[in-house]
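Observations on the three-dimensional arrangement
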Amino acid sequence: MELPFESMGQAARPFPPRVSSFTRPFWDALRQGRLTTTRCLACGGLGFPPRNVCRRCWGRALEWVPLAGRGTLYSWTRVHVAPEAFREAGAYAIGLIDLDDGVRLMCRLLGEPTAADLDRRVEMVVLGYADGPLFGARLTR
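Quick caveat: nothing in here was measured; it's all calculated off a predicted structure.

The next thing to look at is the overall build of the chain. Along the chain, the regular secondary structure elements total one helix and nine strands. The helix and strand sequence of the chain, counted from the amino end, reads β-α-β-β-β-β-β-β-β-β. Scaling as 2.2 N^0.38, a compact globule of 141 residues should have a C-alpha radius of gyration of about 14 Å, and the chain matches this with 15 Å. Of all 141 residues assigned to the chain, the portion counted as buried reaches 40%. At a minimum sequence separation of 6, the contacts of the chain that also span at least 24 residues come to 54%.

Below you can see the structure in the form of structure tokens.
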């Protein structure tokens, strides 16, 4: 599934990720509009963020797999006093998302969520910054 794209203008990512030889496939896929992670070939466990070892069985035989890109908003908060790297963004929302694939992740939550939005459906989006992609989520209708 190709994720929707949300332009973040000409701004650079506030806190750019460290890209290693192991995580490069994740960032390359995200740049192409796909959210991916690793699955353990021994136990089938998914992990997010992708790591080079299984969190369930410590196996090292992993494969890259796509994630559906849809889920449910588990929790969220609005950050009013941002760390220096995020000060330009002003107040912003962070959400805990339970993806349909069984992965829970935290990311920027676009829009203006309210307490009534808990358990609402979300879609993952590619946040397009001038220096590369990040991922976020937005509430669906």
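From this point, the discussion proceeds with the structure in view.
This brings us to the environment of Ala93. Here Ala93 lies in strand 6 (residues 92-99). Residue Ala93 is classed as buried on the basis of its relative accessible area, which comes to 2%. Aside from chain neighbours lying at most four places away, what touches Ala93 is Trp76, Thr77, Arg78, Cys107, Arg108, Leu109 and Pro113.

All right, on to the sheet that holds strand 3 (residues 46-47) then. One open sheet holds the three strands; their spatial order is 3-2-4, and the pairing between them is antiparallel. Whereas interior strands pair on both sides, the edge strands pair on one side only; in this sheet they are strand 3 and strand 4 (62-66).

A complete count under the given rule lists five aromatic pairs for this structure. Through a chain of ring-to-ring contacts, three or more aromatic side chains come together here, namely Phe26, Trp27, Phe48 and Phe135. One Lys or Arg, Arg104, reaches over the ring of Tyr74 and ends 3.7 Å from the middle of that ring.

Moving on, we come to unusual backbone geometry. Residues other than glycine predominantly adopt negative phi, and peptide bonds predominantly adopt the trans conformation. Between Phe48 and Pro49 the backbone carries a cis peptide bond, its omega angle lying at 0°. Even without a glycine there, the phi angle at Trp58 is positive, about 70°. When you line up the elements, Trp58 lands in the loop between strand 3 and strand 4. Using a relative accessible area of 64% as the deciding quantity, one classes Trp58 as exposed. Its identity as a non-glycine residue notwithstanding, Asp119 has a phi of 70°, on the positive side. In this fold, Asp119 is placed in the loop between strand 7 (104-110) and strand 8 (121-129).

With respect to the element layout, Met1 can be found in the segment before strand 1 (5-7). When residues no more than four places from it in sequence are discounted, the contact partners of Met1 are Gly33, Arg34, Ala68, Gly69 and Arg70.

Once that is clear, we can look at the state of the cysteines. Enumeration according to the criterion identifies zero disulfides in this entry. Here Cys40 stays free of any disulfide, with the sulfur of Cys57 as its closest cysteine sulfur at 3.6 Å. A relative accessible area of 3% means that Cys40 is categorised as buried.

The biggest cluster of nonpolar side chains holds 26 residues, and the ones touching the most others in it are Leu35, Ile97, Met124 and Phe135. For this core, the elements supplying multiple residues, two or more each, are helix 1 (24-31), strand 6, strand 7, strand 8 and strand 9 (132-139). Sort the elements by how many residues they give to this core and strand 8 lands first, with six residues.

Calculation notes
- Residues numbered from 1 in each chain as written.
- Predicted model: local features only at pLDDT ≥ 70, side-chain atom pairs only at ≥ 80, totals over all residues.
- Heavy atoms only, no water.
- Helix = DSSP H or I, 4+ residues; strand = E, 2+ residues; numbered from the N terminus.
- Rg over C-alpha atoms; globule rule 2.2 N^0.38 Å.
- Buried < 20%, exposed > 50% of the residue type's maximum accessible area, 1.4 Å probe, protein only.
- Contact = heavy atoms within 4.5 Å.
- Pairing = 2+ DSSP bridges.
- Phe/Tyr/Trp six-rings, centres within 6.5 Å; stacked < 30°, edge-to-face > 60°.
- Lys NZ or Arg CZ within 6 Å of the ring centre and 35° of its normal.
- Disulfide = S-S within 2.5 Å.
- Core = buried A, V, L, I, M, F, W, Y, C linked by side-chain atoms within 4.5 Å.

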